[in-house]
Structures are given as structure tokens and as C-alpha cells.
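Examination of the molecular architecture
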Amino acid sequence: MIRMKNNKGQMRVIETILAALIIVSALAFVNFFSINPKAAAFEAKDLEKMGYSVLADLDQQGILVSKVYQPSEWGDLKTVLRLTLPVDVYFNLTICKLHEDSLYKVTSIVYGDLTTFSDAKNVASVSYSLVGTSEYGYEPRLLMLQITRG
Amino acid sequence: MKVSRTNRGQFVIIAVLMAAIMIVSIGAVMHNATTYYKTEPWEEYVTLVGNIELNSKRLLELSPTQDEFAKNFKEWQSDLSQLYPGAGIKLSYTGVYPKVTFSLDITSIGLTGYKFTA
């Protein structure tokens, strides 16, 4: 009788360990498929969305056009982007001019050290086009915005 | 009695297994249902369409005459494929300047006949 009771106790322990393993593996399985805010995939997508949103919002308000075409306003454009984006986000905005089927770099507006981009785990790159202004006429520009978290 | 006690242990394992399946199922359902973890219905093309729409309307504003608009629109059509290579953007318009309706196709995302009026 004593031997039997001992065996029963060991079986319970094995059952408990098995149950714990099953529960832990189930949780790991769910966690593997979930995309939470800490996941790398979420972060890259979030940065990309943020980049597009900031450019689209500034364009809808007419701020982007007034700043991009005037070299004297590029400093203000940097300030606007810094104010619009979160504090820990660094950016590199390249303005390109389209002329005869070729893109020419006009300028780069950088906030943050360039090593921030080379060392960063996640860097999102977005493109946004502008057709021109009433003042300048048809003058297409391509804005390439790289953003990352510091 | 001995046989009965041994079988009871197996039932516990089955019960735990079922509980684990339940946990996984609830986790999967919650993953799909909650808005916090759910992938938002935002994709790159939403901004791309908005960008083209806004700038096509702006093209009308910066073109003072019908001829000017026709010339600029032709360039804009061509330049869109340079600005977004591989997107398969086709832009056309109907109507008479300055009341025109644009029609946009983006083959890479399966968008056809998206119309917007300036």
C-alpha cells in the first residue's frame, strides 16, 4: 500500500509538469503569432505609417508646398517636422527634383546624427510627391523621408 | 481498483490538454477581435491614392488655361510612373476644364476606376 501511494504521488507530479509544459507551449504558440507593439514588424509598420501620415497631413494643410519649394523655408520645414513627429523620432528628408525622366537631389533636411540611421534596428522609408505650385507652375518634387527612433 | 486509479491520471492529462486548446483558441480569437493588437486597416496605398488625388486637384489650380492643363496633365501622367515605378499608375480625366473628373487605376494593388472630381 505504501509503494502504491508513492507511485501515485509521482504520477501527479508528472501530470502537473506535463500540464505546465502544455500551457507554456500554448502561450508561446499564441505569442509567436501575435504582433504586439514591441514586435519589430509592428515598429517598422508604425514608423512607415507615421511618415506617410505626417507628410499627407502637412500637404493637406498646405504647409508642405509652401516650405518645400522655397529654400529659405527649409529651416522652418525641419522645425515643423520636429514638432509634428514624436520627440524620440529622427528623420532625414531628401527633396528631389524630377527633370527629363531623372531625379536630382535638391537638398536633405536631417534631424539627428546620420549614425542614428545606420545603427538603427528599424528605419522606415516613405516617398511622397508634389506636383507644383501656382507660383512655380508644374514642378514635380519627390520627397523621400527616412525615419527612425533614437 | 488499480486500473481505475491509473485511468484517472490519463483523464487529468486530457482535461489539461483541453484547457490548453481552450486557452489557445481564446488567445487567437482575442488576437483577431481586439482593436489594440489588430492590424489597422491602413496600407501604403491609402496615402498613395490620397497623394495623387490631392496633387491632381492641385494641377488644375496651377493650370490657368485648358491648353496649359492638357500639357501639364500629360506630363503628370508620365511623371507619375517615374515617381512611383512599379506601381502601375494610370491616370485619366473626363469632362471640360475646369470641371473634370479624374479616374485612377493602380494595377499593383488592383485598384481600377477610382474617380474623384476637382
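Starting from 1, residues in each chain are numbered consecutively following that chain's sequence as written. Whichever chain is written first is A, and whichever ligand is written first is 1; the rest continue in order. A pLDDT threshold of at least 70 governs which residues receive local features in this predicted model, and a stricter bar of 80 or more applies before side-chain atom pairs are shown or counted, although totals over entire chains, interfaces and linings include all residues.

Some words on the interface of chain A and chain B
With 31 residues of chain A at the contact, the number on the chain B side is 31 residues. Secondary structure elements follow DSSP: runs of H or I no shorter than four residues count as helices, runs of E no shorter than two count as strands, and numbering proceeds from the N terminus. Only α1 (2–33), α2 (40–60), β3 (123–133) and β4 (137–149) of chain A provide two or more residues apiece to the side of chain A that touches chain B. If one sorts the elements of the side of chain A that touches chain B by residue count, α1 of chain A sits on top with 10 residues. For the side of chain A that touches chain B, the residue count by class is 18 nonpolar, eight polar and five charged. It is the C-beta atoms, placed from the backbone, that decide contacts: two residues are in contact if theirs lie within 7 Å. Under the scheme applied, nonpolar residues are Ala, Val, Leu, Ile, Met, Phe, Trp, Tyr, Cys and Pro; charged residues are Asp, Glu, Lys and Arg; polar residues are all the others, including Gly.

Observations concerning the confidence of the model for chain A
Per-residue confidence for chain A gives a mean pLDDT of 85; residues scoring 70 or more make up 87%. Looking at any residue, its pLDDT shows the predictor's confidence there, from 0 to 100. When mean pLDDT is taken per element in chain A, helix α4 (residues 74–84) of chain A scores highest with 95 and α1 of chain A scores lowest with 73.

Considerations on the domain arrangement of chain A
You'll often see interface size given as the accessible area lost when the parts meet. As used throughout, domain bounds are those supplied by an automatic or database domain assignment. Split by domain assignment, chain A resolves into domain 1 (1–34) and domain 2 (40–149). With centres defined by C-alpha atoms, the gap from domain 1 of chain A to domain 2 of chain A works out at 55 Å.

Quick notes on helix α3 (residues 66–83) of chain B
Since the α-helix packs 3.6 residues into each turn, any two residues three or four apart lie on the same face. Expected span of a helix, by definition, is 1.5 Å for each gap between consecutive residues, and there is one gap fewer than residues. An ideal rise of 1.5 Å per residue puts 26 Å on 18 residues; α3 of chain B measures up with 25 Å between its terminal C-alpha atoms. Here the C-beta atoms are placed from the backbone, and a residue counts as buried if at least 20 other C-beta atoms lie within 10 Å of its own, exposed if 12 or fewer do, and partly exposed otherwise. Where α3 of chain B is concerned, the buried positions are F69, N72, F73, W76, L80 and L83 of chain B. Considering only its buried residues, α3 of chain B is in contact with β1 (89–99), β3 and β4 of chain A together with α2 (44–61) and β1 (89–96) of chain B.

Describing the confidence of the model for chain B
Residues and elements named next belong to chain B. For chain B, the mean per-residue pLDDT works out to 82, and 83% of the residues sit at or above 70. Mean pLDDT across the elements of chain B ranges from a minimum in helix α1 (residues 2–33), with 71, to a maximum in strand β2 (residues 99–106), with 93. In the model output, the complex is listed with pTM 0.72 alongside ipTM 0.71.

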